[in-house]
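Residue-level listing of the chains:
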Amino acid sequence: MAPIGTIKSYPQNPRVAKAQIAAELSGVEFKVEGFNFETDKTAEFMTKFPMGKVPVLESSEVNLFESSAIAFYAAAQKENNPLLGSTAAEKAEIMQWMLFSETEINTPLGGWVYPLMGYVNYMKPNVDAAAENLKRSLGALNTILKSKTYLVGESVTFADIAVVTSLVLGFKTVFDKAFRAQFKNVTRYFTTVASKAAFKKYLGDVELCETALKFTPPKKEKKKEAAPKKEAAPKKEAAPKAAAEEEEAKPAPKPKNKLDLLPPSKFVLDAWKREYSNNETKDAIKWFWENFDAEGYSIWKVDYKYNDELTLTFMSNNLIGGFYARIERAHKYAFGSMIVRGENNNNTISGYFVVRGQEVPFEIYDAADFASYNFTKIEPAQYEEKKEEFYKYLAWDFEDCVDGKVFK
């Protein structure tokens, strides 16, 4: 049997297994090749696949770069394939679970696990929020599976292929015994489907996690003790002309940022960022108030001006990300936590910033979209009144909080 195309990806990618299982159950097959990001991400590759991600499918008929689309392409090769449903209702349900696997499983699971694996920066509030979002998704799935063996109908469909392959990473890394006990129906469903021949062929024996992956802060390298300096031999005095020439050759000193010229502060911003990243917020906040210097730093409440124009919550969160990208130069002088509260078509963006000095620094107000936000200074006399709200924004501790981003 000739392959219907070539999939390129890194080894043991469950997203590739998704396509391979769909192909196996549809009577077709793919050729699979390894992909090296350093050598294979060429201009030609980027022309075909502008997202620059894998897996991708190259074929004489079509080039695809989304794993679900690649798997669907395999299933669609078989006419009236029961994997894709026999009725309009079944087809719609299968589509529902395919989208669920991407948005409600893959997205929060990646947000939880990838920082623990060191693929992206670890920010504790983001990781905690992702874990909670996934638990909510699994809770819904657990309820639905209470009386079901398969998601749609009485046999494996594309819905099961999409959901089970999306769950593999979690069962291998963070779904330990205690976690699995909360979602017994999901665990039963996963082990049942994953043990079927076609799944086992491409996923292997999925070993369930015994000890959940935890964040381990990187160890600081010890500074090597400098060897004692030898006394330099006295230099001969250079002729005045040569000295002048050397002086002219030196580049002009780079002007210092005015914030660097402020008096030293006992509050070290980088130390606070480490406390916040590596500890529970309820513990980190104690360190904050014990060390905060109200003369050297200031606290600002930030509100988006056009909340009535916001639509989907993920788009609102993208606005925060865009703002952060444009104030990149402020990392040395600022810390912020901004969140999206509410629901689709009824949500708000707000948060808090801590900045060096008593004014919003140039590195922030120079951003193109700074004018879209209200920065309101919290005076020291208001700290006691605002402490709880400040903590909640840093901990994302609001019932209607759906997402957010930390600037550090």
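Residues numbered from 1 in each chain as written. Predicted model: local features only at pLDDT ≥ 70, side-chain atom pairs only at ≥ 80, totals over all residues. Heavy atoms only, no water.

A. Representation of the nonpolar core in the model. Counting residues in each nonpolar core, the largest one holds 61 residues, and the members touching the most others are Phe30, Trp112, Leu138, Leu141, Leu151, Leu167 and Phe175. When contributions to this core are tallied by element, the ones reaching two or more residues are helix 1 (14-24), helix 4 (67-75), helix 5 (88-116), helix 6 (124-144), helix 7 (158-173), helix 9 (184-194) and helix 10 (197-203). Ranked by residues supplied to this core, first place goes to helix 5 with nine residues. Counting 27 residues, the second-largest nonpolar core is a separate cluster that includes Ala129, Leu269, Trp272 and Ile378. (Core = buried A, V, L, I, M, F, W, Y, C linked by side-chain atoms within 4.5 Å. Buried < 20%, exposed > 50% of the residue type's maximum accessible area, 1.4 Å probe, protein only. Helix = DSSP H or I, 4+ residues; strand = E, 2+ residues; numbered from the N terminus.)

B. Molecular detail of the pairing of strand 6 (residues 334-343). The buried count for strand 6 comes to seven of 10 residues, which makes it a mostly enclosed element. Between strand 6 and strand 7 (residues 346-356), which pair antiparallel one after the other, the connecting turn spans two residues, and Asn345 there sits at a positive phi close to 70 degrees. In this sheet, strand 9 (residues 401-407) lies alongside strand 6 in antiparallel orientation, the contact comprising six bridges. Residue pairing in the sheet places Arg341 in a bridge with Cys401 of strand 9. (Pairing = 2+ DSSP bridges.)

C. Summary view of the packing of helix 5 against helix 6. Two elements in contact, helix 5 and helix 6, have axes whose closest approach is 8 Å; the angle formed by their N-to-C orientations is 145 degrees. Here helix 5 runs over helix 6; the crossing is left-handed. Residues Trp97, Phe100, Glu104, Ile105, Pro108, Leu109, Gly111, Trp112 and Pro115 of helix 5 form the contact with helix 6, whose own contacting residues are Val127, Ala130, Ala131, Asn133, Leu134, Ser137, Leu141 and Ile144. For the contact of helix 5 with helix 6, the class distribution of residues is 13 nonpolar, three polar and one charged. (Axes fitted to C-alpha atoms, helices over the stretch in contact; angles between N-to-C directions. Left-handed = near helix turned anticlockwise from the far one by under 90°. Contact = heavy atoms within 4.5 Å. Nonpolar A, V, L, I, M, F, W, Y, C, P; charged D, E, K, R; others polar.)

D. Expanded view of the packing of helix 12 (residues 269-278) against helix 13 (residues 281-291). Relative to each other, helix 12 and helix 13 sit at 160 degrees, their axes nearing to 8 Å. Taken together, the axes of helix 12 and helix 13 lie roughly antiparallel to each other. Handedness of the helix 12/helix 13 crossing: right-handed. Residues Ala271, Trp272, Glu275 and Tyr276 of helix 12 form the contact with helix 13, whose own contacting residues are Thr281, Ala284, Ile285, Trp287 and Phe288. Along the lines of polarity and charge, the residues of the contact of helix 12 with helix 13 split into seven nonpolar, one polar and one charged. (Parallel < 35°, antiparallel > 145°, perpendicular 65-115°, else oblique.)

E. Structural detail: the pattern of salt bridges. All chains considered together, the criterion is met by 18 salt bridges. Glu102 is the salt-bridge partner of Lys18, the closest N and O atoms lying 3.2 Å from each other. Of the two residues, Lys18 is situated in helix 1 and Glu102 in helix 5; the sequence distance between them amounts to 84 residues. The pair Lys18 / Glu102 is uniform in exposure class, with both members buried. Here Lys392 makes a salt bridge to Glu388, at a shortest N to O gap of 3.9 Å. Taken together, the residues Lys392 and Glu388, both in helix 16 (residues 383-395) and four residues apart, mark about one turn of the helix. (Salt bridge = Lys/Arg side-chain N within 4 Å of Asp/Glu carboxyl O.)

F. Representation of unusual backbone geometry within the structure. Pro55 follows Val54 through a cis peptide bond whose omega is 10 degrees. Looking at the element boundaries, Pro55 is found in the loop between helix 3 (43-48) and strand 3 (56-58). In this structure, Asn80 takes a positive phi of about 50 degrees despite not being glycine. Within the element layout of this structure, Asn80 appears in the loop between helix 4 and helix 5. Even without being glycine, Trp396 reaches a positive phi, approximately 55 degrees. For Trp396, the position within the fold is in the loop between helix 16 and strand 9. Accessibility expressed as a relative area gives 9% for Trp396, which makes it buried.

It is worth stressing that arrangement in space is one thing and function is another; only the former is reported here.
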